[in-house]
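# Residue-level structural notes
So the chains spell out like this:
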Amino acid sequence: MADFARVGRISSKPWRGSQYLALQRLTRHRMHITECIAREKTYMLNNIFLKFSEYALLRNGEHPFQINMVLQPRLFLQSSQQMRT
């Protein structure tokens, strides 16, 4: 459309009214979806940053992910068995 209106490089006639309206609605809907995805992505990344930025302020012994993932369930099971006895 821009090439037809500005420069005249396209020799064919522009679309008829119904074709133009359909293309216009599809383009606007695509832009709306793109803006929504960008907004949700920004929202999610802000929440992730706010949540995990607290972990940088913790001392060495307070990090929740410091213990090995295999060792942590084992320690939990051992502590629960000690509580039963």
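Predicted, not measured: the structure shown is a model, and the values here were computed from it. The residue count restarts for each chain, going from 1 along the sequence in the order it is written. Where totals are concerned, whole chains, interfaces and linings use all residues; where local detail is concerned, this predicted model gives features only for residues with pLDDT of at least 70, and gives and counts side-chain atom pairs only at 80 or more. Side-chain figures throughout are based on the complete set of non-hydrogen atoms in the structure, without hydrogens or water.

Turning next to the overall build of the chain. In terms of helices and strands, the chain carries three helices and zero strands. Helix and strand definitions follow DSSP, with helices as H or I runs of at least four residues and strands as E runs of at least two, each counted in order from the N terminus. Reading the secondary structure of the chain in the N-to-C direction produces α-α-α. Buried residues in the chain amount to 0% of all 85 residues. Accessible area of the chain: about 8,500 Å², with a carbon and sulfur share of 60%. Burial classes follow relative accessibility: with a 1.4 Å probe on protein chains only, a residue under 20% of its type's maximum area counts as buried, one over 50% as exposed, and anything between as partly exposed. To measure how exposed things are, a 1.4 Å probe is used in the Shrake-Rupley method; for residues, cover is taken only from the protein chains shown.

Turning to a nonpolar patch on the surface, a few remarks are in order. A residue counts toward a patch only above 30% relative accessible area and without a salt bridge, and it is joined to like-charged neighbours within 9 Å or, for Val, Leu, Ile, Met, Phe, Trp and Tyr, to nonpolar neighbours within 5 Å. Put simply, a salt bridge is a Lys or Arg side-chain nitrogen that is within 4 Å of an Asp or Glu carboxyl oxygen. Side chains of Met44, Leu45, Ile48 and Phe52 sit close together on the surface and give an oily, nonpolar patch of about 370 Å² of accessible area. Locating methionine 44 in the fold gives a position in helix α2 (residues 17-52).

pLDDT is a residue-level measure of predictor confidence that goes from 0 to 100. Looking at the chain, the pLDDT average stands at 76 and 66% of residues meet or exceed 70. Ranking the elements of the chain by mean pLDDT puts helix α1 (residues 2-7) last with 56 and α2 first with 90.

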